[in-house]
Amino acid sequence: SAVISQKPSRDICQRGTSLTIQCQVDSQVTMMFWYRQQPGQSLTLIATANQGSEATYESGFVIDKFPISRPNLTFSTLTVSNMSPEDSSIYLCSVNDNYGYTFGSGTRLTVV
Amino acid sequence: QQQVKQSPQSLIVQKGGISIINCAYENTAFDYFPWYQQFPGKGPALLIAIRPDVSEKKEGRFTISFNKSAKQFSLHIMDSQPGDSATYFCAASAGYAARQLTFGSGTQLTVLP
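Throughout what follows, the structure given in this document is the object of discussion. Predicted, not measured: the structure shown is a model, and the values here were computed from it. (Residues numbered from 1 in each chain as written. Chains lettered and ligands numbered in written order. Predicted model: local features only at pLDDT ≥ 70, side-chain atom pairs only at ≥ 80, totals over all residues. Heavy atoms only, no water.)

Counting its secondary structure elements, chain B contains zero helices and 11 strands. Going from the N terminus to the C terminus, chain B shows its helices and strands as β-β-β-β-β-β-β-β-β-β-β. The C-alpha radius of gyration of chain B comes to 13 Å, within 12% of the 13 Å expected for a compact globule of 113 residues. Once the C-alpha set of chain B is aligned to its principal axes, its extents read approximately 40 × 30 × 20 Å. Per-residue burial for chain B yields a buried fraction of 43% across its 113 residues. Taking contacts inside chain B between residues at least 6 apart in sequence as the whole, the part at least 24 apart equals 53%. About 5500 Å² of surface is accessible on chain B, with carbon and sulfur atoms providing 50% of the total. Here chain B carries 10 positive and 7 negative side-chain charges, and the mean point of each set is 4 Å from the other. (Helix = DSSP H or I, 4+ residues; strand = E, 2+ residues; numbered from the N terminus. Rg over C-alpha atoms; globule rule 2.2 N^0.38 Å. Buried < 20%, exposed > 50% of the residue type's maximum accessible area, 1.4 Å probe, protein only. Contact = heavy atoms within 4.5 Å. Areas by Shrake-Rupley, 256 points an atom, 1.4 Å probe, with all protein chains shown as cover. Lys, Arg positive; Asp, Glu negative; His and termini not counted. Charge placed at Lys NZ, Arg CZ, Asp CG, Glu CD.)

Structure representation (structure tokens):
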């Protein structure tokens, strides 16, 4: 299955700042997905990123808050903008390859 | 609207016992049903998956049972081991490759030695 490298693995950020999370895949994939997992909770899809087109955001998530880039078929970034303590979560990227949906190890974000 | 309901929220099983986690879905367009295992500090890892054209799939100690008419599916972990202690998520998607996963709420499994 695809191998996903996600950076950073964790960060502590001041409120009002922004953090960009990187997701690198070892193979070319059409679609990449960004999820949020709040402490002790399930995974919620933030957006779907296709290379060469605007990301598609789920209800409750907006581009101004979570801008996404997808410059090529192996890389994507998610930015968490103007952070507040409510943004403290684990953020995960995911791809779908021939073996199913694979997830990165996640970025644990704490906003203070 | 929660489209995949998972139970129980937590489960404690003795070593060697059977762990059973249940999920129910509403969207009849779902046609791919994976289970994920997540350890603390790690991303979810695919455990086993099933499509609605079969009623059961077994891989080692892990079995998915699927009931299309009831819109339910379950994960059975036979001979549960302490190393199986993790959070388990069921999920579903419609159209497999083109659609994102909808996750259940998760089950925290503890297997006592």
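Residue and element names in this part refer to chain B. In this structure the tally under the stated criterion is 18 aromatic pairs over all chains. Their ring planes at 40° and their centres at 6.5 Å tell us that phenylalanine 66 and phenylalanine 73 sit as a pair that is tilted. The burial state of phenylalanine 66 is the same as that of phenylalanine 73; both residues are buried. Each residue in the set Tyr25, Phe30, Phe33, Trp35, Phe66 and Phe73 is aromatic and connected to the rest through ring pairs, giving one cluster. (Phe/Tyr/Trp six-rings, centres within 6.5 Å; stacked < 30°, edge-to-face > 60°.)

Looking now at the sheet that holds strand β7 (residues 62-67) of chain B. All names here are of chain B. In spatial order, the strands read β1-β3-β8-β7-β6; together these five strands make up an open sheet with antiparallel pairing. If you trace the sheet from one side to the other, it starts and ends with β1 (4-7) and β6 (56-59), each paired once. Within this sheet the neighbouring strands show an average axis-to-axis angle of 15°, counted without direction. Of the strand pairs in this sheet, β7 and strand β8 (residues 72-77) are connected by six bridges, and their pairing is antiparallel. Across the sheet, the residue bridging to serine 65 is serine 74, located in β8. (Pairing = 2+ DSSP bridges. Axes fitted to C-alpha atoms, helices over the stretch in contact; angles between N-to-C directions.)

This brings us to the state of the cysteines. Residue and element names in this part refer to chain B. This structure, assessed with the given rule, holds two disulfides over all chains. Across the disulfide from cysteine 23 sits cysteine 90; the S-S distance is 1.9 Å. Judged by the sign of its S-S torsion, about -95°, the cystine formed by cysteine 23 and cysteine 90 is left-handed. Of this pair, cysteine 23 sits in strand β3 (residues 19-25) while cysteine 90 sits in strand β9 (residues 86-92), and the two are 67 residues apart along the sequence. An identical accessibility class is assigned to cysteine 23 and cysteine 90; each is buried. (Disulfide = S-S within 2.5 Å.)

So, about unusual backbone geometry. Both trends apply: most residues other than glycine have a negative phi, and most peptide bonds are in trans. Cis geometry is adopted by the peptide bond preceding A:Pro8, which originates at A:Lys7 and carries an omega value of -10°. On the secondary structure map, A:Pro8 appears in the loop between β1 (4-7) and β2 (10-13). In this chain, B:Ser7 is followed by B:Pro8 through a cis amide linkage whose omega measures -5°. Mapped onto the elements of the fold, B:Pro8 is located in the loop between β1 and β2 (10-14). The phi dihedral of B:Lys71 is positive, around 55°, even though this residue is not glycine. Here B:Lys71 lies in the loop between β7 and β8.

Taken together, the side chains of B:Ile18, B:Ile20 and B:Met78 define a hydrophobic patch exposed on the protein surface, amounting to about 240 Å² of accessible area. Under the relative-accessibility criterion, B:Ile20 is labelled partly exposed at 36%. (Patch = residues over 30% accessible without salt bridge, like charges linked within 9 Å, V, L, I, M, F, W, Y side chains within 5 Å. Salt bridge = Lys/Arg side-chain N within 4 Å of Asp/Glu carboxyl O.)

Glancing now at the pattern of salt bridges. Residue and element names in this part refer to chain B. Taken as a whole and judged by the stated rule, the model has three salt bridges over all chains. Note that lysine 57 and glutamate 59 form a salt bridge whose closest N and O atoms lie 3.6 Å from each other. On the basis of relative accessibility, which here comes to 36%, the residue glutamate 59 falls in the partly exposed class. A salt bridge links arginine 61 to aspartate 84; the shortest N-O distance between them is 2.8 Å. In this pair, arginine 61 is assigned in the loop between β6 and β7 and aspartate 84 in the loop between β8 and β9, connecting sequence segments 23 residues apart. With a relative accessible area of 27%, arginine 61 lands in the partly exposed category. Using a relative accessible area of 5% as the deciding quantity, one classes aspartate 84 as buried.

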